[in-house]
Amino acid sequence: MDDGEVKQSKLEDSLQKDSLKNKRTGDHGSVKPERPSGNRVAVKKYREKKKAQHVYLEEEVKKLQAVNRVLTRKLQVQAALEAVAVRLRSLLIGFKVQIGNELGVGRVYKQNCNVVSDGCIRPA
């Protein structure tokens, strides 16, 4: 074989390969490699699973937001009740002092008074 025949043979081989590719894709301009159909099924299954997970997480977020709102309201009510309790304690101390003054007692003491912030009146 001479050099011309080798080049001619290679040219024919490449034309045959291009012809086969064009027949497979049905397109003469671009060549797309064939993908196994199993891969498409796996990708579709994966996307469906991800979508279901996303929907589940969105529902979970809605539930947790509702719980958060309820707990926030409870905290607000608790804070308001604590403020009322503090106000009532201070009124009670004031009434104790006023009653003691009207009875002629210098100071009214609470028995077993151990904590400073419990509203006890301590002797000076």
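For the structure itself, consult the block above.
All values reported here derive from a predicted model rather than from experimental measurement.

Student: What should I look at first to understand the overall build of the protein chain in this one?
Tutor: For the protein chain, the helix and strand inventory stands at two helices and zero strands. For the protein chain, the residues scored as buried account for 3% of the 124 residues in total. For the protein chain, the exposed area adds up to about 11600 Å²; of that, 58% sits on carbon and sulfur atoms.

Student: How should I be thinking about helix H2 (residues 37-103) in this particular structure?
Tutor: Every α-helical turn comprises 3.6 residues, leaving residues that sit three or four positions apart pointing alike. Between its first and last C-alpha, H2 extends 98 Å over 67 residues, near the 99 Å set by a 1.5 Å rise per residue. Of the residues trailing H2, Gly104 is marked for its positive phi of about 85°.

Student: Help me out: how do you make sense of a nonpolar patch on the surface in this one?
Tutor: Taken together, Val84, Leu88, Leu91, Phe95, Ile99, Leu103 and Val105 make up a surface patch of nonpolar side chains, about 660 Å² in accessible area. For Phe95, the location among the structural elements is in helix H2.

Reading guide: rules and limits
- Residues numbered from 1 in each chain as written.
- Predicted model: local features only at pLDDT ≥ 70, side-chain atom pairs only at ≥ 80, totals over all residues.
- Heavy atoms only, no water.
- Helix = DSSP H or I, 4+ residues; strand = E, 2+ residues; numbered from the N terminus.
- Buried < 20%, exposed > 50% of the residue type's maximum accessible area, 1.4 Å probe, protein only.
- Areas by Shrake-Rupley, 256 points an atom, 1.4 Å probe, with all protein chains shown as cover.
- Expected span 1.5 Å × (residues − 1).
- Patch = residues over 30% accessible without salt bridge, like charges linked within 9 Å, V, L, I, M, F, W, Y side chains within 5 Å.
- Salt bridge = Lys/Arg side-chain N within 4 Å of Asp/Glu carboxyl O.

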